[in-house]
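Structural description and commentary
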Amino acid sequence: MAEPVAGVGRFKANYAVERKIEPFYKGGKVQLDQTGQHLFCICGTRVNILDVASGAVLRSLEQEDQEDITAFDLSPDNEVLVTASRALLLAQWAWREGSITRLWKAVHTAPVATMAFDPTSTLLATGGCDGAVRVWDVVRHYGTHHFRGSPGVVHSGRDKICVVWDLRSHQATRTVPVFESVEAAVLLPEEPAPELGVKSKGLHFLTAGDQGLLRVWEAASGQCVYMQQQPPGPRQELTHCSLAHSANLLLTVTADHNLLLYETRSLQLQKQFAGYSEEVLDVRFLGPEDSHIVVASNSPSLKVFELQTMACQILHGHTDIVLALDVFRKGRLFASCAKDQSMCLWRMNKAGKVTRVAQGSGHTHSVGAVCCSRLKETFLVTGSQDCTVKVWPVPEALLSKGAAPDGGPVLLQAQATQRCHDKDINSVAIAPNDKLLATGSQDRTAKLWSLPQCQLLGIFSGHRRGLWCVQFSPMDQVLATASADGTVKLWALQDFSCLKTFEGHDASVLKVAFVSRGTQLLSSGSDGLLKLWTIKNNECVKTLDAHEDKVWGLHCSRLDDRALTGASDSCVILWKDVTEVEQAEEQARREEEVVKQQELDNLLHEKRYLRALGLAISLDRPHTVLTVIQAIRRDPEACEKLGATVLRLRRDQKEALLRFCVTWNTNSRHCHDAQAVLGVLLRHEPPEELLAYPGMQASLEALLPYTERHFQRLSRTLQAATFLDFLWHNMKLPTLPAAPSVAPSAL
């Protein structure tokens, strides 16, 4: 086979960022307002305010010192937000407007570790790493108390006990051993909650800590009356817990920065937010219409987002980091594989809820690659660091039921196991007809196998370093490979020869995908770049730069109009194909320019110079403006008309004209036109008015050297002309002899 045949689809020219899912919480305090509508959380140098209903970041607040935020608190009346930075500054915010109303020094000698308002929202206590506690009146703006004596950081205790205090007698009434390091304890409303084991109106409190479970305790007896069920997967420590009484919501935070909202009386999960995804390792579109996305990050849990509402589901099933994902053709069934040497099958129902329906194990090392069958939901293939691939059939019973049985996920058995390479298998791909399998390995080769027997058909050799990705063309008998040598290669399946090599990435190419019906490629690399290639001419059409680190995940939508990327910078980006939009805009711009050019020609013909000059400036084309200026200067009354026309321009038009003059003045052919315009401005505009123009200083610095050069040239020309004139007047020409007279008789 000589070369892939171009499809009939149009070529893509550009993608634009449609949506970006980025970290909004990187650890530290989180807080709900009393209405339960807004969520406040720390993200480095900012405090982000989220809309609980949509999960969108409404506002990011950052202090002027741009230092990390160490603590914050929202007043009980929801009106005042105070933040503390590492620079030992406290800022009081009108948070709805995003403005600082007061800024003052914390007076602590070390950063503020915690703060809290009193119930009246007038007093604020700050606890510092210097062991001191200070109390501030936020209404009258002064410090009221300074408490010293604590030997360490004033923060919270983690001694595995909870102490119940009587605030009237200042005596401890009961010490309750809770057998875990407690990160937060919350007093529950004194009302019955049978689902939590609260049967009386006595005092009950809830604890959250390193066991990762919420537990309810009766203060009078010290007994645990309710313990939350342990979710599947590894235990996740709870780092924070708080209650919004008015909204009847409880907020908890896990050690991997997931935020969970529960209904207080029943502890039923209401909402989930993924605050920080760490390193994103793979991404996929989900749903028949690509309505959801699934994200595998540096975590055993998966995150599923609904794109319209950004509602998040956190899926537990693996016990170690999930490395790769793939989705079946219909979009509801998808697979994941992980470092725990297993793979899992998940199904999304019509309501968008995802459950684990099957799992399989048998590899002896991390499973880093997975691919689902393309024609029907009949089988999938996994590749592992144990150098083998396994073919897993999907039971028909599982597909017909559409969900896991009551006993839990179905256990899958491998139909075939084949040792394929001498080093780690980084990628597996199934051909569109489900009859061929391609594997890519760290041993610098890709191999082609027949399915389902896994018989070797051929080897693709030519890359200088390990392969990260292999992909079949959807239209042609072609395989694409992406390698750590920074190249993408296309191979013929018939004779295993290399057809094309695409060079352009400065580092490893991690993923490659066919787009535009197999006529173009989309590649992502460890340089953080996304590149669009046209196969026919090996041209890199566009380089997209929106990530700041390795782009591990790349997937294209089934309509081929969007792409999804995930990277080590913790960001997931949804890209939209804007080729048609940009082409339509370009066509409209050209048509508008043709109309304006015709209008400009008519105005010049009618000698309506003011409108012509304004129109030329609006086109932002210096050469067109120069043409108008030259037309004005050719007029018999040029001097008066130029001055009258320029001075009647608006200020923004004069500023643009001055910028154009800087350009014209660099050329000796156009400098006279530039100097004529400058002369008008300098003679009629006050100096202070000219100096107020934006960029005037830079314009003057650009005008002066060329203007001096032009005057020097004129001076030399004038000297030469004067010398010629002097020579002409002093030259003594010889007298010409008179012509001889002719006698009339000679005629």
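Conventions used here
Residues numbered from 1 in each chain as written. Predicted model: local features only at pLDDT ≥ 70, side-chain atom pairs only at ≥ 80, totals over all residues. Heavy atoms only, no water. UniProt positions renumbered as here; feature names shortened; annotations may be inferred. Pairing = 2+ DSSP bridges. Helix = DSSP H or I, 4+ residues; strand = E, 2+ residues; numbered from the N terminus. Axes fitted to C-alpha atoms, helices over the stretch in contact; angles between N-to-C directions. pLDDT = per-residue confidence, 0-100. Contact = heavy atoms within 4.5 Å. Expected span 1.5 Å × (residues − 1). Buried < 20%, exposed > 50% of the residue type's maximum accessible area, 1.4 Å probe, protein only.

Per an unreviewed UniProt entry, the protein goes by Transducin beta-like protein 3 isoform X2 and derives from Mustela putorius furo. A UniProt comment under Subcellular location (unreviewed entry) is attached to the protein, and it reads "Nucleus, Nucleolus".

Regarding the sheet that holds strand 3 (residues 38–43)
Taking strand neighbours across the sheet as the criterion, the 4 strands line up as 2-3-4-5 in an open arrangement whose pairing is antiparallel. The sheet is open, and its two edges are formed by strand 2 (30–32) and strand 5 (57–62), each paired on a single side. The average undirected angle you get between the axes of adjacent strands in this sheet is 20°. Inspection of the sheet shows strand 3 paired to strand 4 (residues 46–51) by 6 bridges, in the antiparallel sense. Across the sheet, Leu39 pairs through a bridge with Leu50, a residue of strand 4.

What about the sheet that holds strand 37 (residues 425–430)?
Here we have 4 strands laid out as an open sheet, ordered 37-38-39-40, and antiparallel in their pairing. This sheet does not close on itself; its edge strands, each paired only once, are strand 37 and strand 40 (455–461). Going across the sheet, the axis of each strand differs from the next one's by a mean of 20°, ignoring polarity. Note: strand 37 against strand 38 (residues 436–441), 5 bridges, orientation antiparallel. Within the sheet, the bridge partner assigned to Ser427 lies in strand 38 and is Gly440.

Concerning the confidence of the model for the protein
Averaged over all residues, the pLDDT of the protein is 88; the fraction at 70 or higher stands at 94%. Note that residues 1–9 has pLDDT below 50 and, in this model, 20 contacts with residues that lie over four places away or in other chains.

Focus on helix 4 (residues 622–633)
Helix length check: helix 4 (12 residues) gives 16 Å between terminal C-alpha atoms against 16 Å at 1.5 Å per residue, within 8%. If you check which residues of helix 4 are buried, you get Thr624, Val625, Leu626, Val628, Ile629, Ala631 and Ile632.

Focus: unusual backbone geometry
Leu451 connects to Pro452 through a cis peptide bond whose omega is 10°. As for its placement among the helices and strands, Pro452 is situated in the loop between strand 39 (445–450) and strand 40. Unusually for a residue other than glycine, Asp560 sits at a positive phi of about 65°. Among the secondary structure elements, Asp560 is positioned in the loop between strand 49 (551–556) and strand 50 (562–567). Residue class for Asp560 comes out buried when judged on its relative accessible area of 19%.

Topic: the UniProt feature "repeat: WD" (unreviewed entry) in the protein
Feature annotation in UniProt places "repeat: WD" (unreviewed entry) on residues 105–138, 315–356, 360–392, 418–451, 460–501 and 502–543, given in this structure's numbering. The span residues 105–138 is 0% helical and 53% strand by assignment, and the distance between its end C-alpha atoms comes to 13 Å. Within residues 418–451, the helical portion is 0% and the strand portion 59%, while the C-alpha atoms at the span's ends are 11 Å from each other.

Details of the pairing of strand 30 (residues 342–348)
A large share of strand 30 lies buried, amounting to 7 of its 7 residues. Neither face of strand 30 is left uncovered, since the one carrying Ser342, Cys344, Trp346 and Met348 and the one carrying Met343, Leu345 and Arg347 both have all their residues buried. Pairing between strand 29 (residues 333–338) and strand 30: 5 bridges, direction antiparallel. By the bridge assignment for strand 30, Ser336 is matched with Cys344. The loop that links strand 29 with its antiparallel partner strand 30 comprises 3 residues; one of these, Gln341, has a positive phi angle of about 70°. In terms of strand pairing, strand 30 meets strand 31 (residues 354–361) through 7 bridges, oriented antiparallel. By the bridge assignment, Arg347 is partnered in strand 31 with Thr355. Adjacent in sequence and paired antiparallel, strand 30 and strand 31 are bridged by 5 residues, among which Gly352 carries a positive phi angle near 95°.

A closer look at helix 3 (residues 609–618)
For helix 3, the tally of buried residues reaches 7 of 10 residues, placing the bulk of the element in the interior. Residues Tyr609, Ala612, Leu613, Gly614, Leu615, Ala616 and Ile617 constitute the buried set of helix 3. Asp620 occupies a position one or two residues after helix 3 and carries a positive phi of about 55°.

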